[in-house]
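Here's the letter readout for the chains.
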Amino acid sequence: MALGPAHIACLISLIPLLLLAPGCAARYTADWASLDSRPLPQWYDDAKFGIFIHWGVFSVPGFGQFSEWFWWWWASGRQAEVDFMKKNYPPGFKYADFAPQFRAEFYNPDDWADIFKASGARYIVFTTKHHEGFTNWPSPVSWNWNSMDTGPHRDLVGELAVAVRKRSLRLGLYHSMFEFFNPHYLSDRASGFKTQNFVALKTLPELLNLVMSYKPDLIWSDGDWEAPDTYWNSTQFLAWLYNDSPVKEEVIVNDRWGKGCYCKHGGYFNCADRFSPGEVPNHKWEKCQDLDAFMSWGYRRNMKLTDVMDLPSVMKDFVSVVAMGGNYLLNVGANSDGMIVPVFEERLRQIGAWLGINGEAIYASKTWRVQKDNTTAPVWYTAKNSTVYAILLGWPPKQSFQLPSPKTSPATKVTLLDYPKVPLKWAPMTQTAGLTVLMPPMPPSPANAWCLKLEGVA
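Residues numbered from 1 in each chain as written. Predicted model: local features only at pLDDT ≥ 70, side-chain atom pairs only at ≥ 80, totals over all residues. Heavy atoms only, no water.

Draft legend 1. Highlighting the overall build of the protein chain. Of regular secondary structure, the protein chain possesses 13 helices and 16 strands. The C-alpha atoms of the protein chain give a radius of gyration of 24 Å, which matches the 23 Å a tight globule of 458 residues would have. Dimensions of the protein chain along its principal axes, counting C-alpha atoms only, are 70 × 60 × 40 Å. Per-residue burial over the protein chain gives 57% buried out of 458 residues. In the protein chain, once contacts between residues fewer than 6 apart in sequence are set aside, the share between residues at least 24 apart is 71%. Within the structure as shown, the protein chain displays about 18700 Å² of accessible surface, and the carbon and sulfur contribution to it stands at 57%. Distance between charge centres in the protein chain, computed from 43 positive and 43 negative side chains, equals 5 Å. (Helix = DSSP H or I, 4+ residues; strand = E, 2+ residues; numbered from the N terminus. Rg over C-alpha atoms; globule rule 2.2 N^0.38 Å. Buried < 20%, exposed > 50% of the residue type's maximum accessible area, 1.4 Å probe, protein only. Contact = heavy atoms within 4.5 Å. Areas by Shrake-Rupley, 256 points an atom, 1.4 Å probe, with all protein chains shown as cover. Lys, Arg positive; Asp, Glu negative; His and termini not counted. Charge placed at Lys NZ, Arg CZ, Asp CG, Glu CD.)

Draft legend 2. Structural detail: the packing of aromatic side chains. Applying the stated criterion across every chain, the model contains 54 aromatic pairs. Consider the rings of Trp112 and Phe126, whose centres lie 6.2 Å apart with planes at 75°: the pair is edge-to-face. Of this pair, Trp112 sits in helix H6 (residues 109-119) while Phe126 sits in strand E2 (residues 123-129), placing them 14 residues apart in sequence. For Trp112, a relative accessible area of 2% corresponds to the buried category. For Phe126, a relative accessible area of 1% gives the class buried. Seen in terms of ring centroids, Phe178 and Phe180 are 5.9 Å apart; in terms of plane orientation they differ by 90°. Their pairing is edge-to-face. The residue whose ring lies beneath Arg78 is Trp73, and the NZ or CZ to ring-centre distance is 3.9 Å. (Phe/Tyr/Trp six-rings, centres within 6.5 Å; stacked < 30°, edge-to-face > 60°. Lys NZ or Arg CZ within 6 Å of the ring centre and 35° of its normal.)

Draft legend 3. Geometry of the nonpolar core. Core analysis: the biggest nonpolar cluster contains 82 residues, and Trp112 and Phe116 have the highest contact counts within it. Counting residues per element, this core draws most heavily on helix H12 (residues 311-323), at eight residues. When near neighbours in sequence (up to four residues on either side) are disregarded, Phe116 contacts Ile51, Ile53, Ala121, Ile124, Leu160, Val164, Leu169, Ile340 and Leu348. Among the nonpolar cores identified, the runner-up in size contains 30 residues, and Tyr28, Phe178, Leu204 and Val247 belong to it. (Core = buried A, V, L, I, M, F, W, Y, C linked by side-chain atoms within 4.5 Å.)

Draft legend 4. The arrangement of the confidence of the model for the protein chain in detail. Mean pLDDT for the protein chain: 93, with 95% of residues reaching 70 or above. Throughout residues 16-24 the model reports pLDDT below 50, and contacts reaching past four residues in sequence, or to other chains, amount to eleven contacts. (pLDDT = per-residue confidence, 0-100.)

Draft legend 5. Focus on the state of the cysteines. Under the criterion given, the structure shown has one disulfide. Note on Cys288: no disulfide assigned, nearest cysteine sulfur contributed by Cys271 at a separation of 10 Å. For Cys288, a relative accessible area of 1% translates into the label buried. (Disulfide = S-S within 2.5 Å.)

Draft legend 6. Examining the packing of helix H8 (residues 183-190) against helix H9 (residues 197-214) more closely. Between H8 and H9, the shortest axis-to-axis distance is 8 Å and the interhelical angle comes to 145°. The chirality of how H8 crosses H9 is left-handed. Across from His184, Tyr185 and Asp188 in H8, the residues of H9 making contact are Asn197, Phe198, Val199 and Leu201. In terms of residue class, the contact of H8 with H9 is built from four nonpolar, two polar and one charged. (Axes fitted to C-alpha atoms, helices over the stretch in contact; angles between N-to-C directions. Left-handed = near helix turned anticlockwise from the far one by under 90°. Nonpolar A, V, L, I, M, F, W, Y, C, P; charged D, E, K, R; others polar.)

Draft legend 7. Structural view of the sheet that holds strand E16 (residues 450-455). Judged by pairing direction, the sheet is antiparallel, and its six strands sit side by side in the order E8-E9-E10-E16-E12-E13 without closing on themselves. In the strand order of this sheet, the two ends are held by strand E8 (372-373) and strand E13 (419-423), each with one partner. Pairing analysis gives two bridges linking E8 to strand E9 (residues 379-384), with the strands arranged antiparallel. Along E9, the bridge assignment pairs Lys372 with Trp380. Packing against the sheet, H12 makes contact with E9 and strand E10 (387-392), and its axis sits at approximately 45° to E9. (Pairing = 2+ DSSP bridges.)

Draft legend 8. View of the side chain of Asp290. Locating Asp290 in the fold gives a position in strand E6 (residues 285-290). Here Asp290 falls in the buried class, since its relative accessible area comes to 1%. In this structure the side chain of Asp290 is engaged in a polar contact, spanning 3.3 Å, whose partner is the backbone nitrogen of Ser296. Excluding its chain neighbours within four sequence positions, the residues that come into contact with Asp290 are Arg274, Met295, Ser296, Trp297, Met309 and Asn331. (Polar contact = N/O pair within 3.5 Å; in protein donor to acceptor, adjacent residues only side chain to side chain.)

Draft legend 9. Highlighting unusual backbone geometry. Residues other than glycine seldom take positive phi values, yet Asn385 does so here, at roughly 55°. Along the chain, Asn385 falls in the loop between E9 and E10. Classification of Asn385 as exposed rests on a relative accessible area of 82%. One non-glycine residue with positive phi stands out, namely Asn448, at about 55°. Mapped onto the elements, Asn448 comes out in the loop between strand E15 (435-438) and E16.

Draft legend 10. Highlighting the pattern of salt bridges. Summed over all chains, the structure comprises 26 salt bridges. Of the charged contacts, one joins Arg167 and Asp110 as a salt bridge, the two residues approaching to 3.2 Å between their closest N and O atoms. Of the two residues, Arg167 is situated in the loop between helix H7 (156-166) and strand E3 (170-176) and Asp110 in helix H6; the sequence distance between them amounts to 57 residues. Residue classification places Asp110 among the partly exposed residues on the basis of a relative accessible area of 26%. A salt bridge links Lys202 to Glu206; the nearest nitrogen and oxygen atoms lie 2.6 Å apart. (Salt bridge = Lys/Arg side-chain N within 4 Å of Asp/Glu carboxyl O.)

Draft legend 11. Looking closely at H7. For H7, the complete set of buried residues consists of Leu156, Val157, Gly158, Leu160, Ala161, Ala163 and Val164. Between the side-chain oxygen of the N-cap and the backbone nitrogen of Val157 there are 3.3 Å, and the N-cap of H7 in question is Asp155.

Here it is, written out as structure tokens:
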């Protein structure tokens, strides 16, 4: 059951007291030095793969690059959105008029959760509120601009939370800290963020309400970039989250908690969207990537098949992220009636089919001493305990395939995960490193990716 405004106000007033409460365990204080010392719960690093879902009122127009920013682009006068509205909607039509059309009439959270489970993802991150301010749950501080009061007249977050947990998936919630045109936020910004009315009346009450109502495993914060973390009271909220919230042991957060926090503070680092480091970072990280190559997180009604990443491109991106120590958060945008379009569903199920064979090279894996070999087929490495996995992005043109980096031993054993019970013949390349593997005949793979399991190598 959602908390009422009185409960929220009470919780906010209690945060400073809760941070001082006595206890047996070490407590985190409301400063980054303390908060950043918290160990990352293991489940997140083991998971490796998650699904991002962008859905909201912006899914009704479903138009333009960064379609989830449609209101902003239209209000700012970007020509594509202005022309779209003139052509398709009557004069005087307002963005709020889209909300009753966000009906979600075909939304079946069990169907969504089945797709996510089939994809091989271990966690999902669902948009509770994007920058437009519309909440996909009955937020007590978003009157008549939420999915219970208008549009679907349903608790979209709560229904999906139940469905994904029935399938043993972790629940992540995306939440935008700011809102494009909220007058309290605009007033705070005009003051140079010396006032905090928006934070007190909107951001913190909603974050607390989400935690207490749905007990998320992950909070994916966004929309923080204009103001410092001191404006958002981020450290106070996170200290409560880590010390006293009902999810204090398992919850994960990202790094978007105020201007200057990216890639610096938080549980794990997103840094910029589609972040791809050139070397292994010294901190756990995640790449969020949209399937729509047109760079739209929300669904676009005018999306073409050629705009969608094909499976080999997704797998190349996914494997490289895991080999570099990251998690891969792949985004799908649902349309306004609540359907995940077939091409997105197909990609997710294809990934799951590949993981069904090769998942042991991904889940709970670690970075190896070498991340990549450039051979006749590009190879990325992962490791688990004493086993090394060589993931080939492309089938070698010759039956004899060389891996320059592994150091062999008399106990070395090589298998292909497609046929794990059939050892492959191999020979050392030199006395110090490398091996040549005799590859078996193989049919084409939709993912264009295969995995060699190397046991007894260094």
